[in-house]
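Summary of the model geometry
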Amino acid sequence: VAVNSVPDTAEVQINGASSGNTPLKLTLTPGEYRIAVTKQGYKTWERRLTVGSGGTMQVNAVLTALPSSAQAQ
C-alpha cells in the first residue's frame, strides 16, 4: 500500500497504530484495515481499506485545514 497525502509528512495510522509519515509504502497482509492520516492543524482523514493479495494499492489523502480558531484549542 502506497500512502500519500496533501500536505505530506502526515502521520499514518493503521488500525490505531502509528505506521510512519507520508509518503509511505507498507506491506500489509490481505484483509480489512482502518487507515487514518493525521497532521496538526488538519482534520483527520479516515477510511476503511480492503487489501487483496498481490499488486500495489494507492491511497491519496487530501487533508482539510481546520479553521484557525479550532487550531488554537
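Refer to the preceding data block for the structure.
Residues numbered from 1 in each chain as written. Predicted model: local features only at pLDDT ≥ 70, side-chain atom pairs only at ≥ 80, totals over all residues. Heavy atoms only, no water.

**Some thoughts on unusual backbone geometry**
For the record, the criterion: Only DSSP runs of H or I covering at least 4 residues are called helices, and only runs of E covering at least 2 are called strands; the numbering of each starts at the N terminus.
That bond from V6 to P7 is cis: its omega, 0°, falls within 30 degrees of zero. Looking at the element boundaries, P7 is found in the loop between β1 (2–6) and β2 (11–14). Along the chain, T22 connects to P23 via a cis peptide bond; the corresponding omega equals -5°. Among the structural elements, P23 can be located in the loop between β3 (17–21) and β4 (24–25). If you check the backbone angles, T9 has positive phi at about 60° while not being a glycine. Unusually for a residue other than glycine, N15 sits at a positive phi of about 50°. If you trace the backbone, N15 turns up in the loop between β2 and β3.

**Regarding the sheet that holds strand β5 (residues 31–38)**
Cut-off, in case you're wondering: At least two bridges found by DSSP between two strands are what make those strands a pair. Only the stretch in contact is used when fitting a helix axis, every axis being a line fitted to C-alpha atoms; angles between N-to-C directions are given from 0 to 180 degrees.
Pairing is antiparallel in the open sheet, where 4 strands are placed in the order β3-β2-β5-β6. This sheet does not close on itself; its edge strands, each paired only once, are β3 and β6 (45–51). Along the sheet, successive strands turn relative to each other by an average axial angle of 30°, direction set aside. Alignment of β5 against β6, held across 7 bridges, turns out to be antiparallel. Counterpart to V37 in the pairing with β6 is W45.

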